[in-house]
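Chain by chain, the residues:
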Amino acid sequence: MGQAQSGERGPPPSHEEVSQQLALKFAQKCFTSLELYSLKDVFRSLADQEQHVRYLKEETIARFLEIPDILGASPVIFHMVSYIGAFPFLQDAPAVLGLEQMIMVITIMTERHRRILAKGSTDRRRLLFNSLAVYDRKLSQMAGVVEKKEQSASESGPAEAGSVLGSHTAGFAVDEPGDDEDETPDEEDDELVLAAFESMDYLDAFKQDSRHSSHGSMIPADNFRKLIMLLLLIAPLGPQESLAAHADRLIGSELESLRSTAECILASFLNVETSPGIRFGRFNSVIPVSLPYLFNGFNNLFEHFLFSKNLDFGKHKGEGTTKPTPDPTVLPQDMPQPLLQDQGSIMNLNILSQLSFFLPGTSLFRRLRLLYSGDADGFSMGSFESKVFNWRAPTILLVRGTRLQEGSGPGYRPAGSSAEAAFTATLPPRRFPTGSKTTSADQLTFGAYIGEPWRHTHREAFGGDDTTLFQLEPVHDVFHPSSLNTDRVTFSKPSAATSHPGVAFGCPPSGQTSRNRHTSGVMELGPVSLALDSSFEFGCFTHDSRSRGGAFRTSAVRGPLDFQERFAVESLEIWGCGGDEEAKVQAERWAWEAREAEARRRINLGTGDIEADRALLEMAGLIGGNRSGGSMG
């Protein structure tokens, strides 16, 4: 390389020459020879030709990738690839999608550009935003009006802000106040583009050309909704797996579930009733915290271009064309397992895809097992313990419920049952407003990822640095662990030493003394916390942004807003993350406990001497130490 950059050594190459050189570098460094051959073969078979120019059209790409028409996402995808195809001269977009442009697209959409553009590896987010965004002066002005209302409400104080935001999901403006400062100004360069120029020694010559502003542009809400639905569909897609294999997720209630899940994710970016689109400041703040793996499905989807169906690796040279007849009694060894092996009342394929947007999909798809379900196993801590404590791998808790009636103040009494009144009495009297007000706001879904095995807690909580608290419905939100506090997970069964039994995340253990605890029996809730009572009837999620030192960080979606959700539990599930080995260990543990219990039942001592019987049981190892053989009286 080392091309001339100064006037003394000749003028810089043209845009077309630079694009050709970068495409060649991508082809040589980011693809194997077989992948490159397949890409050329696929392009040749799909391309239209006009005036000696071969290119791909929108319908051709949609048909090849098998993007379902019912989603309406094909124009959104074509808008994206036409923009990225112009890389690194993005001001020239949209590009005609010839072979060189498709090399650019596939390299970036599959993240293979990391192999040679290390400096710009984290900047794909800005490129993807620009590829989805449009500039519309009218929409931009509408967004500005919403932003000013949000800003004035925020400046007027928490109480007044709550009243202004009470008509929609709190905090979901197009941008938080001050987000304009985070948008790409005219004088800021695109790091990924600069990395491309630097890799070819053209940095000085084309640095001015790399300046591309996203100021004033936004992603239309409807476009992003369609894209999210597609991303939910392709999230579990394996290498060279056909998208048509998931067509059953686009029929009837499955399609409605897909659309509903997409709405919950969209709600973390904006309120569709008041905001026309998503601006870069909001996009850039939500994605890395709440949806870091949102676009990972593009990797396997666009790798379809790197596999030509004309290549038959099963036929060796000299063999005939007749294929052997398969034995119908023998199942193929590579037959994929179902994405979800068990059925739950909360978990479904769309929730599974939603989880994969912030938890690694390699530990989710085809690896989850239903350990405990309140609907099937009973809503009790004893049943929970027997089903979950033997699992020696990470778990995911999901809880769904209906929001309790709002109310506050010393004279407030819940209109529900006495059990609801008793639960409400254990909560602090200070009541924040609810976290959302949408058409489906009555139904709430929360969850937690726990990387350690479950255990009893009294004075010390458990949960490692990967413990994550989240909300899935009606707003997607993720609360990562804080390094300031390790009170992440507690499991406390009712006892004389336990003031507030139950399962909690982000709350101090119930047996732990705290100078901040009220002596009136009120539970101490963490700043960001989820608490379930011991009967699994009620739950409370709290987000107090003004308190410090919590076990979980505050929301990147709702930021400085304080809110609380009190709900009646409808469903509770625990899913184990792992494979056959973890399930085998759990089954062995269950079998051992069953044998122990059976041994206790079959013992017929009949001596009439309680002390002698107890000594015999201790010698047999059935009681004593940490074991309990029950009462002998």
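No experiment lies behind these values; they were computed from the predicted model shown.

With that out of the way, let us pick up the overall build of the chain. On a plain count of helices and strands, the chain comes out with 20 helices and 14 strands. Within the chain, buried positions represent 51% of all 633 residues. Across the chain, contacts joining residues at least 24 apart in sequence account for 74% of those joining residues at least 6 apart. Accessible surface, the chain as shown: approximately 29600 Å² in total, 50% of it carbon and sulfur.

What follows covers helix α13 (residues 280–290). Along an α-helix, residues three or four apart share an orientation, since each turn contains 3.6 residues. Turning to α13, its buried residues number three or more, namely Phe280, Gly281, Arg282, Phe283, Val286, Ile287 and Ser290. Where the residues of α13 are buried, they touch α6 (124–132), β3 (219–220), α11 (221–234), β4 (277–278) and β9 (477–479).

On to the nonpolar core, then. Counting 109 residues, the largest nonpolar core has Phe87, Phe224 and Phe298 as its most contacted members. It is α11 that contributes the most residues to this core, ten residues altogether. By size, the runner-up hydrophobic cluster in this structure holds 34 residues, among which are Leu532, Phe536, Phe563 and Leu572.

Below, the discussion takes up the pattern of salt bridges. In the structure shown here, the tally under the stated rule is 17 salt bridges. The network of salt bridges with common partners includes Asp222, Arg225, Lys226 and Glu263.

Take the environment of Pro338 next. As for its placement among the helices and strands, Pro338 is situated in the loop between α14 (297–302) and α15 (349–355). Residue class for Pro338 comes out partly exposed when judged on its relative accessible area of 49%. In sequence terms Pro338 and Arg366 are 28 residues apart; their C-alpha atoms lie 6.0 Å from each other.

Glancing now at the packing of helix α1 (residues 15–30) against helix α5 (residues 99–109). Where α1 meets α5, the closest approach of the two axes is 9 Å, and the angle between their N-to-C directions is 50°. Taken together, the axes of α1 and α5 are oblique relative to one another. In terms of crossing hand, the pair formed by α1 and α5 is left-handed. Here α1 contributes Ser19, Gln20, Leu22, Ala23, Phe26, Ala27 and Cys30 to the contact with α5, which in turn contributes Glu100, Ile103, Met104 and Thr107. Across the contact of α1 with α5, the residue classes tally to seven nonpolar, three polar and one charged.

Secondary-structure assignment places Glu241 in the loop between α11 and α12 (252–266). Arg366 provides the closest opposite charge to the buried, unpaired Glu241, separated from it by 4.0 Å. There is a polar contact of 2.7 Å between the side chain of Glu241 and the backbone nitrogen of Gly238. In this structure Glu241 touches Pro236, His246, His304 and Arg366, once residues within four positions along its chain are discounted.

What follows concerns the packing of helix α2 (residues 33–46) against α5. The geometry of α2 relative to α5 is characterised by a closest axis approach of 11 Å and an angle of 125° between their N-to-C directions. One finds that α2 runs oblique with respect to α5. The chirality of how α2 crosses α5 is right-handed. Contact residues: α2 offers Leu39, Lys40 and Phe43, while α5 offers Leu99, Met102, Ile103 and Ile106. Each residue belonging to the contact of α2 with α5 can be placed in one class, and the counts come to six nonpolar, no polar and one charged.

Inspection of every chain in the model, using the stated rule, returns 24 aromatic pairs. Arranged with centres 5.1 Å apart and planes meeting at 70°, the rings of Phe384 and Trp454 form a pair that is edge-to-face. Of this pair, Phe384 sits in helix α17 (residues 381–388) while Trp454 sits in the loop between β7 (443–450) and β8 (468–473), placing them 70 residues apart in sequence. Note on accessibility: Phe384 and Trp454 belong to one class, buried. A network of ring pairs unites the aromatic residues Phe64, Phe129, Phe224, Phe269, Phe280, Phe283, Phe295, Phe298, Phe302 and Phe305 as a single cluster.

On to unusual backbone geometry, then. The residue after Phe87, namely Pro88, is reached through a cis peptide bond having omega 5°. If you trace the backbone, Pro88 turns up in the loop between α4 (74–84) and α5. Of note, the amide linkage connecting Glu473 to Pro474 takes the cis form, showing an omega dihedral of 0°. Along the chain, Pro474 falls in the loop between β8 and β9. The residue His52 is not glycine, and still its phi comes out positive at about 65°. With respect to the helices and strands, the residue His52 is situated in the loop between β1 (48–50) and β2 (53–55). Although it is not a glycine, Arg366 sits at a positive phi angle of roughly 65°.

The subject of this paragraph is α6. With respect to burial, α6 is a largely interior element, eight of its nine residues being buried. Along α6, the residues classified as buried are Arg124, Arg126, Leu127, Leu128, Phe129, Asn130, Ser131 and Leu132.

Quick look at the confidence of the model for the chain now. Mean pLDDT for the chain: 80, with 71% of residues reaching 70 or above. Taken together, the stretch residues 513–519 has pLDDT below 50 and engages in ten contacts with residues farther than four places along the chain or on a different chain.

Let's shift gears to the environment of Glu241. A relative accessible area of 18% means that Glu241 is categorised as buried. Placed 63 residues apart in sequence, Glu241 and His304 show a C-alpha to C-alpha distance of 8.4 Å.

Conventions we followed
- Per chain, residue numbering runs from 1 following the sequence as it is written.
- It should be noted that, the model being predicted, local features are given only for residues of pLDDT at least 70 and side-chain atom pairs only at 80 or more, the latter also being counted only at that level, while totals for whole chains, interfaces and linings use all residues.
- Remark: hydrogens and water are excluded; side-chain values derive from all non-hydrogen atoms of the structure.
- Per the convention used, a helix needs a DSSP run of H or I reaching at least four residues, while a strand needs a run of E reaching at least two, with both numbered from the N terminus.
- Burial status follows relative accessibility: with a 1.4 Å probe on protein chains alone, a residue under 20% of its type maximum counts as buried, one over 50% as exposed, and anything between as partly exposed.
- In what follows, residue pairs with any heavy atoms lying within 4.5 Å of each other are defined as contacts.
- Throughout, the Shrake-Rupley method with a 1.4 Å probe supplies accessible areas, and for residues the shown protein chains are the sole cover considered.
- The nonpolar core is taken to be a set of buried Ala, Val, Leu, Ile, Met, Phe, Trp, Tyr and Cys residues, with the residues joined through side-chain atoms within 4.5 Å.
- Salt bridges are defined by distance alone: a side-chain nitrogen of Lys or Arg within 4 Å of a carboxyl oxygen of Asp or Glu.
- Note on geometry: axes are C-alpha line fits, over the in-contact stretch for helices, and angles between N-to-C directions span 0 to 180 degrees.
- Each angle receives one of four descriptions, namely roughly parallel if under 35 degrees, roughly antiparallel if over 145, roughly perpendicular if within 65 to 115, and oblique otherwise.
- For any pair of crossing helices, the crossing counts as left-handed if the nearer helix is rotated counterclockwise from the farther one by less than a right angle, and right-handed if it is rotated clockwise.
- Amino acid classes used here: Ala, Val, Leu, Ile, Met, Phe, Trp, Tyr, Cys and Pro are nonpolar; Asp, Glu, Lys and Arg are charged; the rest, including Gly, are polar.
- When charges are counted, Lys and Arg contribute as positive and Asp and Glu as negative, whereas His and the chain ends are disregarded.
- Identification of polar contacts relies on pairs of N or O atoms within 3.5 Å, with a donor-acceptor requirement for protein atoms, meaning one able to donate a hydrogen and the other able to accept it, and with residues adjacent in sequence counted only if both atoms are side-chain atoms.
- Aromatic contacts are taken between Phe, Tyr and Trp rings whose centres are within 6.5 Å, Trp giving its six-membered ring; a plane angle under 30 degrees counts as stacked, one over 60 as edge-to-face, and the others as tilted.
- The pLDDT score gives, residue by residue, the confidence of the prediction method on a 0 to 100 scale.

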